[in-house]
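Structure assessment
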Amino acid sequence: MDAQQVIAWEKEYLLGVYKRPPIVFERGEGAWVYDTEGRRYLDLVAGIAVNALGYGDPEIPRIMAETARKLIHLSNLYHTEPHVRLARLLVEHSFADKVFFANSGAEANEGAIKFARKYARVRHGEDKYTIVAFEGAFHGRTMGALALTPRPHYQDPFRPLMPGVRIVPFNDIDAARRAIDEHVAAVIVEPVQGEGGIRPADADFLHALREATRAVDALLIFDEVQCGLGRTGHLWAHEYYGVTPDILTVAKPLAGGLPMSAVLMTQAVADVMEPGDHATTFGGGVVVSAVAHYVVSRIADPDFLAHVRARGEQLLSGLRALEDPRIVEVRGRGLMVGVEFDADVAPFVARAPEYGLLLINAGPRVIRMVPPLILSEEEVDIALERFARLLKETPTE
Ligand SMILES: *Cc1c(COP(=O)(O)O)cnc(C)c1O
């Protein structure tokens, strides 16, 4: 099939909920992806912060083939080894005592909501169920997670939403303290907001949330679906802050591009859940678990994390040196970087492929850079040079 045919069939047969550029991609290598015409693009999107190890890592297909030859699926009705080994690795490298595996970021957050609701009900009765979330948050598109994702365009067509949610301004300590009363079961927050515009939480804010939740025995949930697993140059984004949650959700990079997520929790949370309380058919399958074990082991290596911090600083300082009067702010941590403009960034995203670059936005005015974490020093320079040229030659409204 040629590229035009692929694009025509997409329009004819697929639900029109995505707008794609008119390029058909075929393969990737390192931090680069190639289209069917043989053009290559430096990828600052990485499958939306998924492809932490980049493209073409030979270990991933090797592990997939080796496990799949033995078993692809069995369900959670039976014991298998890979998810047990992965759970142990995650526990060893985090605050958590127990792990639940699922298949997407939204599904992990649904689990977190349910665990928090049950925890509150068991310990305090049926009037404690409210979940506090923040403006600018993104927790997913399923009905529970959607209620915690306060954006009219995402929510309004699908009302009524899950009740029992309070939305509070992000990084507003006083508003959060007022919202966290005895009816609150949990507070969910991204230590660095992703879709909302690459906005890091203030340290004081996260510490205040920890203190306020403890005071009413509410759970603190960190959604690290995007900012977790090495993205910020720390294994967990919250390590930078020195604040520990009760529940942590992880997904995007977890299984090297295969769909997988995890809910990490303390023993106190795990203690309220019993057999039959929650389940998922595919969660923690043998192939994804074996791949995720490899991915987490690679990312947890201190040298790997030091590389992410170094490349992140290089990228941030290069972006801060750009002289474009439309730039309002450059912010981020590790290889999770946002460039806020005083104009709509859609023209930059649309024209980036012409410069051999893939970019994504985070809201209307922020360019988000979430490249493969294996990006080299030279590739950061290439990205900066191409981005500078793109800005120079692209007018905005
Ligand atoms: C992407 C994302 C989700 C949703 O993950 P899906 O796998 O798309 O369901 C949830 N939370 C955050 C912070 C995300 O970035």
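Computed from a prediction, not measured in an experiment: that's the story for all the values here.

Counting its regular elements, the protein contains 14 helices and 17 strands. Relative to the globule expectation of 21 Å for 397 residues, the C-alpha radius of gyration of the protein, 21 Å, shows essentially globular dimensions. Seen along its three principal axes, the alpha-carbon backbone of the protein occupies a region of about 60 × 55 × 45 Å. The buried share of the protein, taken over its 397 residues, is 55%. A separation threshold of at least 6 residues defines the contact pool for the protein, and within that pool the share at least 24 residues apart is 71%. Counting every atom, the protein has about 18300 Å² of accessible surface; 53% of that belongs to carbon and sulfur.

Here we come to the domain arrangement of the protein. How large an interface is tends to be reported as the accessible area lost when its parts come together. In terms of domains, the protein is made up of domain 1 (3–56 + 302–393) and domain 2 (71–300). When each unit is reduced to the centre of its C-alpha atoms, the spacing between domain 1 and domain 2 is 26 Å. Contacts between domain 1 and domain 2 engage 28 residues on the former and 28 residues on the latter. Buried surface at the junction of domain 1 and domain 2, summed over both partners, amounts to about 2400 Å²; 61% is from carbon and sulfur atoms. Run the count over domain 1 and domain 2 and you get 1 salt bridge. Close ionic contact of Arg368 with Glu195 constitutes a salt bridge, the shortest N to O distance being 2.8 Å.

Residues in close proximity to the ligand include Ser104, Gly105, Ala106, Asn109, Phe138, His139, Gly140, Glu190, Asp223, Val225, Gln226 and Lys252, which together make up its full environment. The separation between a nitrogen atom of the ligand and a polar main-chain atom of Phe138 is 3.2 Å. The separation between an oxygen atom of the ligand and a polar side-chain atom of Lys252 is 2.6 Å. The protein chains hide 81% of the 390 Å² of surface that the ligand would expose on its own. If one sorts the elements of the shell around the ligand by residue count, helix α5 (residues 105–124) sits on top with 3 residues. Here the shell around the ligand is built from residues that sort into 3 nonpolar, 6 polar and 3 charged.

So, about the pattern of salt bridges. Under the counting rule described, the total for this entry stands at 18 salt bridges. Close ionic contact of Arg298 with Asp57 constitutes a salt bridge, the shortest N to O distance being 2.9 Å. Within this pair, whereas Arg298 is found in helix α11 (residues 286–300), its partner Asp57 is found in the loop between α2 (46–49) and α3 (59–70), the two being separated by 241 residues in sequence.

Ranked by internal contacts, the top residues of the largest apolar core, which has 93 residues, are Phe134, Leu209, Leu319 and Phe387. Top element by residues in this core is α11. It accounts for 9 residues. Built from parts of two domains, this core gets at least three residues from each of domain 1 (3–56 + 302–393) and domain 2 (71–300). Ignoring sequence-local partners within four residues, the contact set of Leu209 consists of Phe134, Ala176, Ile180, Val187, Val189 and Leu220. Membership of the second largest hydrophobic core comes to 27 residues, among which are Phe100, Ala133, Ala186 and Ile247.

The rules we used
- Residues numbered from 1 in each chain as written.
- Predicted model: local features only at pLDDT ≥ 70, side-chain atom pairs only at ≥ 80, totals over all residues.
- Heavy atoms only, no water.
- Helix = DSSP H or I, 4+ residues; strand = E, 2+ residues; numbered from the N terminus.
- Rg over C-alpha atoms; globule rule 2.2 N^0.38 Å.
- Buried < 20%, exposed > 50% of the residue type's maximum accessible area, 1.4 Å probe, protein only.
- Contact = heavy atoms within 4.5 Å.
- Areas by Shrake-Rupley, 256 points an atom, 1.4 Å probe, with all protein chains shown as cover.
- Domains from an automatic or database assignment.
- Buried area = accessible area lost by both parts, 1.4 Å probe.
- Salt bridge = Lys/Arg side-chain N within 4 Å of Asp/Glu carboxyl O.
- Near = heavy atom within 4 Å.
- Polar contact = N/O pair within 3.5 Å; in protein donor to acceptor, adjacent residues only side chain to side chain.
- Nonpolar A, V, L, I, M, F, W, Y, C, P; charged D, E, K, R; others polar.
- Core = buried A, V, L, I, M, F, W, Y, C linked by side-chain atoms within 4.5 Å.

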